[in-house]
Amino acid sequence: MKPAPFRYHRAPDVEGATRLLAELGEDAKAIAGGQSLVAMMNFRLARPRHLVDIGGIRELDRLHRDAGGGLRIGALTTHHTVQTAPAEVLGAGFTVLRDAMGWIGHLPIRTRGTVGGSIAHADATAEWCLLAVALDAEFVARGPRGERSIPAADFFLGYYTTALDPDELLVEIVFPRPAPYAALTEFAERRGDFALVAAVVDLDVEEGTVRGGRVALGGVAATVVRVPEAESVLAGGGSFEACAAAAAEAVDPPADASGSTHYRRGLVRTLVRRACEEAMSR
């Protein structure tokens, strides 16, 4: 299929983009790599009357460590840029980000798709959404009223819905701390497809002993979810198997043509245990 008719606008900078979004209203959508939006437009699942192209705003294509040891990623940074970033930028504390990029689609998608686009699209199984929630990321948004920071925990509101206002642009993703004992794993029917279920585990490890951690799941609800029941098991010194069982028991995944609720719970149990083991092996 072909998309519904739309008008194309090219933004010269962030201010120009937010001005266009404000002027054009809710009928406008920002587009960068277009790996998600264009597909939805082709199927007429999205019908924006205006597209604001932000792909040429070079200031949003950056990846660097800040003075506090955190990682700052510009919204137009591609998945491939993260995957191939040098060790002095990511380091051992952010190896999970590099490894997670291998789960995203295929190479052509990773070279065009952007970090900000994936997050703004807000698919509940998207790797960047999971990583952001699990690792306590913050999102920097800019609009006509200025700039604000939105915690990942407050950003995702529902299916493909975020806390961004229609005239705001996501400009930066901030991971405030290293996560040396974190891992992401997922299951899809074919390599490169969107995951049926995905899991991120970020362990707190002291002198070789797990003291706690964070568990985030995708594909079990309308948004990425943290699982406090599984996290309590880790904090109490429970086994990885017990953590995985608690995670599976705590969620109520939707059933669809790809799998039943029972099947997805089984995937949760397997993936959480696998992510715990991989994280600890780091």
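Our subject is the structure that appears above.
All of the points below concern the structure found in this document. (Residues numbered from 1 in each chain as written. Predicted model: local features only at pLDDT ≥ 70, side-chain atom pairs only at ≥ 80, totals over all residues. Heavy atoms only, no water.)

1. What about the packing of aromatic side chains?
In the structure shown here, the tally under the stated rule is four aromatic pairs. With 6.1 Å between their ring centres and 45° between their planes, Trp128 and Phe175 make a pair best called tilted. With a gap of 47 residues between them, Trp128 in helix 8 (residues 127-134) and Phe175 in strand 10 (residues 169-175) connect regions that are remote in the sequence. Exposure remark for Trp128: the relative accessible area of 0% places this residue in the buried category. (Phe/Tyr/Trp six-rings, centres within 6.5 Å; stacked < 30°, edge-to-face > 60°. Helix = DSSP H or I, 4+ residues; strand = E, 2+ residues; numbered from the N terminus. Buried < 20%, exposed > 50% of the residue type's maximum accessible area, 1.4 Å probe, protein only.)

2. Examining the layout of surface pockets
Space inside the second largest pocket adds up to approximately 160 Å³. Lining the second largest pocket are Ala32, Gly33, Asp53, Gly55, Arg58, Asp61, Leu76, Thr78, Thr111, Arg112 and Thr114. Residue classes in the lining of the second largest pocket are distributed as two nonpolar, five polar and four charged. (1 Å grid on protein atoms, 1.4 Å probe; cavity = no way out; pocket = protein on both sides within 12 Å on 5 of 7 lines; lining within 4 Å. Points joined across faces, edges and corners; volume = space filled by probe spheres on them. Nonpolar A, V, L, I, M, F, W, Y, C, P; charged D, E, K, R; others polar.)

3. Thoughts on the pairing of strand 6 (residues 138-143)
In this sheet, strand 7 (residues 146-151) lies alongside strand 6 in antiparallel orientation, the contact comprising six bridges. Among the inter-strand pairings, Val140 is bridged to a residue of strand 7, identified as Ser149. Between strand 6 and strand 7, which pair antiparallel in sequence order, lie two residues. Here strand 6 runs beside strand 10; their pairing, made up of five bridges, is antiparallel. In the strand pairing of strand 10, Arg142 is matched with Leu169. (Pairing = 2+ DSSP bridges.)

4. A few points about the packing of helix 10 (residues 228-235) against helix 11 (residues 240-250)
Helix 11 packs onto helix 10 with a crossing angle of 165° between their chain directions and a minimal axis gap of 7 Å. Relative to helix 11, helix 10 is oriented roughly antiparallel. For helix 10 against helix 11, the interelement crossing comes out right-handed. Contacts from Glu229, Ala230, Val233 and Leu234 of helix 10 reach helix 11 at Phe240, Ala242, Cys243, Ala246, Ala247 and Ala250. Tallied by class, residues from the contact of helix 10 with helix 11 come to nine nonpolar, no polar and one charged. (Axes fitted to C-alpha atoms, helices over the stretch in contact; angles between N-to-C directions. Parallel < 35°, antiparallel > 145°, perpendicular 65-115°, else oblique. Left-handed = near helix turned anticlockwise from the far one by under 90°. Contact = heavy atoms within 4.5 Å.)

5. Some remarks on the environment of Arg265
In this structure, Arg265 sits in helix 12 (residues 261-281). Apart from residues no more than four positions distant in its own chain, Arg265 is found in contact with Ala248, Val251, Asp252 and Pro253.

6. Here's the deal with the sheet that holds strand 14 (residues 225-226)
In space, the four strands of this open sheet follow the order 11-12-13-14, with antiparallel pairing throughout. The strands lining the two open edges of the sheet, one partner per strand, are strand 11 (182-187) and strand 14. The pairing of strand 11 with strand 12 (residues 197-206) spans six bridges and is classified as antiparallel. From the neighbouring strand, Glu186 faces strand 12, where its bridge partner is Ala198. The strands that helix 10 touches are strand 12, strand 13 (209-218) and strand 14; relative to strand 13, the one it contacts most, it runs at about 165°. Together, strand 11, strand 12 and strand 13 form the strand contacts of helix 12, whose direction differs from that of strand 12 by roughly 35°.

7. Quick word on helix 10
Given 3.6 residues per turn, any residue in an α-helix points the same way as the ones three and four places further on. For helix 10, every residue scored as buried is listed here: Ala230, Glu231 and Leu234. Around the axis of helix 10, the buried residues are gathered within 100° of arc, so they sit on the same side. Residues of helix 10 that are exposed and point more than 90 degrees away from the buried face comprise Ser232 and Ala235. Turning to helix 10, the residues buried within the fold contact strand 12, strand 13, strand 14 and helix 11. (Arc of directions from axis to C-beta.)

8. So, unusual backbone geometry
We note that Arg44 has phi near 60°; this positive angle belongs to a residue other than glycine. With respect to the helices, strands and loops of the structure, Arg44 is situated in the loop between helix 2 (37-42) and strand 3 (50-53). One non-glycine residue with positive phi stands out, namely Ala122, at about 65°. Mapping Ala122 onto the fold places it in the loop between helix 7 (115-121) and helix 8. Given a relative accessible area of 4%, Ala122 falls into the buried group.

In short, the description is geometric, and any link to function would need to be established separately.
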